[in-house]
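Chain by chain, the residues:
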Amino acid sequence: MRNIRHHFRTGILAIMNKNDSYLLAITPPKDISEKVDEYIKKYKKHNYSIAPHITIYPPFYIDDVDEDSIILILIEKLKGTKSEEIIIDSIGYFENGSNSNVAYFKPDDNAITYLREISSVCSLALKDHIHDKFADYPSDFKPHMTISSSIPNDIFPEIKSGLTNIKELFKFKIQSVDLYKQHGSSGIWNKVKEANIGT
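Cut-offs used in this document
- Residues numbered from 1 in each chain as written.
- Predicted model: local features only at pLDDT ≥ 70, side-chain atom pairs only at ≥ 80, totals over all residues.
- Heavy atoms only, no water.
- Phe/Tyr/Trp six-rings, centres within 6.5 Å; stacked < 30°, edge-to-face > 60°.
- Lys NZ or Arg CZ within 6 Å of the ring centre and 35° of its normal.
- Buried < 20%, exposed > 50% of the residue type's maximum accessible area, 1.4 Å probe, protein only.
- Helix = DSSP H or I, 4+ residues; strand = E, 2+ residues; numbered from the N terminus.
- Pairing = 2+ DSSP bridges.
- Axes fitted to C-alpha atoms, helices over the stretch in contact; angles between N-to-C directions.
- Contact = heavy atoms within 4.5 Å.

Enquirer: Please set out the packing of aromatic side chains residue by residue, giving values where relevant.
Expert: Scanning the entire structure with this criterion turns up six aromatic pairs. An aromatic cluster of three or more residues is present, and its members are Tyr22, Tyr57 and Phe60. The ring of Tyr93 has Lys160 lying over it, and the distance from NZ or CZ to the ring centre is 5.2 Å.

Enquirer: Summarise the pairing of strand β1 (residues 20–26); cite the residues concerned and give the values.
Expert: Extensive coverage of β1 is indicated by the burial of seven of its seven residues. Here six bridges tie β1 to strand β8 (residues 176–183), and the two strands are oriented antiparallel to one another. Its bridge partner lying in β8, Asp20 is registered against His183. Across four bridges, the pairing between β1 and strand β2 (residues 54–62) is antiparallel. Among the inter-strand pairings, Leu24 is bridged to a residue of β2, identified as Tyr57.

Enquirer: Tell me what's going on with the sheet that holds strand β6 (residues 145–151), and back it up with residues and numbers.
Expert: Read from one edge of the open sheet, four strands run β6-β4-β3-β7, paired in antiparallel fashion. Where the open sheet ends on each side, the last strands, each with one partner, are β6 and β7 (170–173). Going from strand to strand, the sheet's axes swing by 25 degrees on average, the running direction of each strand aside. Note that strand β3 (residues 85–94) and strand β4 (residues 101–107) share six bridges and pair antiparallel.

Enquirer: Let's hear about the sheet that holds strand β9 (residues 189–196): which residues, and what values?
Expert: Pairing is antiparallel across the open sheet formed by five strands, whose spatial order is β5-β2-β1-β8-β9. This sheet does not close on itself; its edge strands, each paired only once, are β5 (130–132) and β9. With direction set aside, neighbouring strand axes in the sheet form an average angle of 35 degrees. Relative to the sheet, helix α3 (residues 67–77) contacts β1, β2, β5, β8 and β9, its axis offset from that of β9 by approximately 40 degrees. In this fold helix α4 (residues 109–126) packs onto β1, β2, β5 and β8, with an angle of close to 10 degrees to the strand it touches most, β2.

Remember, this is a structural readout, not a statement about activity or role.
Below is the structure:
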């Protein structure tokens, strides 16, 4: 019976891994999310759907554990990380060319250092349990909250011009790292679980 249960569980995980992908992110409070959403709706050029967020670990597949186990692993590793307030106070751009440019809200230097610390902890915690969905992730992690991605080259100057004089200051305390899930290739990401920081 034990072997049957083991193989049954393994089969479920295999199906889940094949169809579902995940990412880790920081989700801002509702009032900030609503404000960022106003910009996303105005400048959005890509058809995927996800709430405003700061990606901590990009899309991945789960290998040998389930969602609850992932969260327990993260909670254990994040115990030594303090919950801190971050500030997002400027706009930045990834000028990638090839119609894949990005506009985003940029955290200040202190926030970037803190977010990189969280990302490093999460990466080490999950390295033996996941594999990346894509093979070309940049090695230099640059925390940001996307306004618009996959921006075509011909309209990128127009979007940059529209954002030039935008002055926003977002400030909030990070309480958790959140697990988002995408079913298949739906393009729709939903927050499914969270791992509290410093508990």
